[in-house]
Amino acid sequence: MELINQKGKQIKEIKATLDLIEGSMTVSTSRKTFDPYAIIRARDLIKLLARSVPFEQAVRILQDDMACDIIKIGSLVRNRERFVKRRQRLIGPKGSTLKALELLTSCYVMVQGNTVSALGPYNGLKEVRKVVLDTMKNVHPIYNIKTLMIKRELSKDPELRMQSWERFLPNFKHKNLSKRKEPKKKTVKREYTPFPPPQPESQMDKELATGEFFLRESQKRRKKLEEIKVKQAEALTKKQEERNKAFIPPKEKPAVKTKRAPTETKIDIEAIKDKVKKAKNKKLGAPPVNRAAETASASVKKKTKRS
């Protein structure tokens, strides 16, 4: 089988045998093979094809300036749900994050299962490995992509090529916002002592200490009955107190007396006199009559009679 590189200028003649029974594939050189390192590149080609990399991309490994890197990410995160979330974060929505990483590093990156296969130049593979490992350590890939973009712009300036770029690169600090909640009950560790704890007393030792061991069975029974009666009496008193609580009247708040405004006791006599005079002058059913008009009409009548 002849494996030809993408440019088609150089032919790498390598023998490849496929064993379907064992499910293995072996690669070997032939007499026509010119490059001795072609066998290593053919091995890498088989690795990439096994990781579901398309043949058009995998054939690029036969070029002299190309290399491949297979990053194992399955053992970096223990929790499966966390691992799936971080792997999806590396891919991004509709593969946008992975596409940006490919454009900045000029590498082909493919996430498949528990591995990430990358194909491209050596400098780009270093950056891809760093981004993938940081993502699995819960560092968002957008931070690394931002630094790569800044480095790409700085590399275009010939004056800054021999200078340090640390002043231009952003410093992202990891902030742990979710603080661990302290438990309500804190267990205090006891001081270490080489001596074992004292042996607990048995029932016989307790009876010997109190003197009950030497009593007869009838005396022991009598003592137990007395203890039971004392406990019953205490329980009855507690129940009686709880029942009597319902009959105890609640404490009433003292009544607050409202202070009324003092009424005026003085009587205005002159105002009452004016009201009485007005009431006398008024006539029922007719408006009040003017006295001056009455006297004038009476004088006119007298003059007419005299005349």
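Provided above is the structure to which this section pertains.
Residues numbered from 1 in each chain as written. Predicted model: local features only at pLDDT ≥ 70, side-chain atom pairs only at ≥ 80, totals over all residues. Heavy atoms only, no water.

(A) Spatial organisation of the environment of Pro121. Looking at the element boundaries, Pro121 is found in the loop between β6 (115-120) and α5 (122-136). Overall, the relative accessible area of 26% leaves Pro121 in the partly exposed class. With 15 residues separating them along the chain, Pro121 and Ser106 place their C-alpha atoms 7.5 Å apart. Not counting the four nearest positions on each side in its chain, Pro121 is found in contact with Asp65, Met66, Thr105, Ser106 and Cys107. (Helix = DSSP H or I, 4+ residues; strand = E, 2+ residues; numbered from the N terminus. Buried < 20%, exposed > 50% of the residue type's maximum accessible area, 1.4 Å probe, protein only. Contact = heavy atoms within 4.5 Å.)

(B) Molecular detail of helix α3 (residues 80-91). Taking 1.5 Å per residue, 12 residues should reach 16 Å; α3 reaches 17 Å between its end C-alpha atoms and fits that length. Buried residues of α3: Phe83, Arg86, Arg87 and Leu90, and no others. The buried residues of α3 all sit within an arc of 100° when viewed along its axis, so they share a single face. Every exposed residue of α3 that faces more than 90 degrees away from the buried side is listed here: Glu81 and Lys85. (Expected span 1.5 Å × (residues − 1). Arc of directions from axis to C-beta.)

(C) Broad picture of the sheet that holds strand β4 (residues 67-72). Judged by pairing direction, the sheet is antiparallel, and its 3 strands sit side by side in the order β4-β6-β5 without closing on themselves. Two strands bound the open sheet, and with one partner strand each, they are β4 and β5 (108-112). Averaged over neighbouring strand pairs, the angle between their axes works out to 15° when direction is ignored. In the sheet, β4 pairs with β6 via 6 bridges, with the strands oriented antiparallel. Paired with Ile70 across the two strands is Ser117, which belongs to β6. (Pairing = 2+ DSSP bridges. Axes fitted to C-alpha atoms, helices over the stretch in contact; angles between N-to-C directions.)

(D) Here's a closer look at the environment of Gly92. Within the element layout of this structure, Gly92 appears in the loop between α3 and α4 (96-105). Taking the C-alpha atoms as reference, Gly92 lies 9.8 Å from Ile142; in sequence the two are 50 residues apart.

(E) A look at the pairing of β5. Burial within β5 is extensive, with 4 of its 5 residues counted as buried. In this structure, β5 lies alongside β6, joined through 5 bridges in antiparallel fashion. When the bridges of β6 are listed, Met110 appears paired with Ser117. If you look at the hairpin formed by β5 and β6, you'll find 2 residues sitting between the two strands, and Gly113 has a positive phi there, around 65°.

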